[in-house]
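This is what each chain is made of:
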Amino acid sequence: MEDKTLRKLFLGFIHIHILHHASEHPIYGQWMLEELQEHGYSMSAGTLYPILHTMESDGLLHKENKNVNGKIRKYYTTTDKGGRILQEARAKAYELFKEIK
């Protein structure tokens, strides 16, 4: 039960993390996996890619396919909607962290 609860909480953090980086520069799955691992999140590509696809379907990310060394790589950037969601999430997170610190 504890693991499920933490997983749900961390999933929200991961979404914010993705939006943050995709607002700074185009990201792709493997880069994002490595970035998340640097921050202590352990997840597989089989978990991350559905998150990216869902965020794209929800209008938070825009996907662009690019040919990199003969392979198609999907790059994601934050949409206007994703940017607005990120701003709101930052404000809410800031308030929360001030309170629980």
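Residues numbered from 1 in each chain as written. Predicted model: local features only at pLDDT ≥ 70, side-chain atom pairs only at ≥ 80, totals over all residues. Heavy atoms only, no water.

Naming follows an unreviewed UniProt entry, where the protein chain appears as PadR family transcriptional regulator of Marinococcus halophilus.

Asks: Looking at this model, I keep getting lost on the pattern of salt bridges. Mind explaining?
Replies: Note that side chains of opposite charge can pair when their charged atoms are close. Applying the stated criterion across every chain yields a total of 2 salt bridges. A salt bridge links Lys98 to Glu95; the shortest N-O distance between them is 3.3 Å. Residue Lys98 and its partner Glu95 are located together in helix H4 (residues 80-100), separated by 3 residues, close to a single helical turn. Judged by relative accessible area, Lys98 falls into the partly exposed class, the value being 48%. (Salt bridge = Lys/Arg side-chain N within 4 Å of Asp/Glu carboxyl O. Helix = DSSP H or I, 4+ residues; strand = E, 2+ residues; numbered from the N terminus. Buried < 20%, exposed > 50% of the residue type's maximum accessible area, 1.4 Å probe, protein only.)

Asks: Can you help me understand the pairing of strand E1 (residues 61-68) in this one?
Replies: Along any regular strand the residues' side chains alternate between the sheet's two faces. Alignment of E1 against strand E2 (residues 71-78), held across 8 bridges, turns out to be antiparallel. Looking at E2, one finds that Leu61 is bridged to Thr78. The antiparallel hairpin formed by E1 and E2 contains 2 residues in its connecting segment, where Asn69 sits at a positive phi of about 55°. (Pairing = 2+ DSSP bridges.)

Asks: Quick question: what am I supposed to make of the side chain of His17 here?
Replies: Positionally, His17 belongs in helix H1 (residues 2-24). Given the relative accessible area of 16%, His17 is considered buried.

Asks: Even after reading the chapter, I still don't get the layout of surface pockets, so can you show me in this structure?
Replies: To find leftover empty space, one rolls a probe the size of a water molecule over the atoms. Here the largest pocket defines a volume of roughly 180 Å³. Taken together, Arg7, Phe10, Leu11, Ile14, Gly40, Tyr41, Ser42, Met43 and Thr47 make up the full set of residues lining the largest pocket. Here the lining of the largest pocket takes 4 residues from H1, the largest share from any one element. Here the residues of the lining of the largest pocket sort into 5 nonpolar, 3 polar and 1 charged. (1 Å grid on protein atoms, 1.4 Å probe; cavity = no way out; pocket = protein on both sides within 12 Å on 5 of 7 lines; lining within 4 Å. Points joined across faces, edges and corners; volume = space filled by probe spheres on them. Nonpolar A, V, L, I, M, F, W, Y, C, P; charged D, E, K, R; others polar.)

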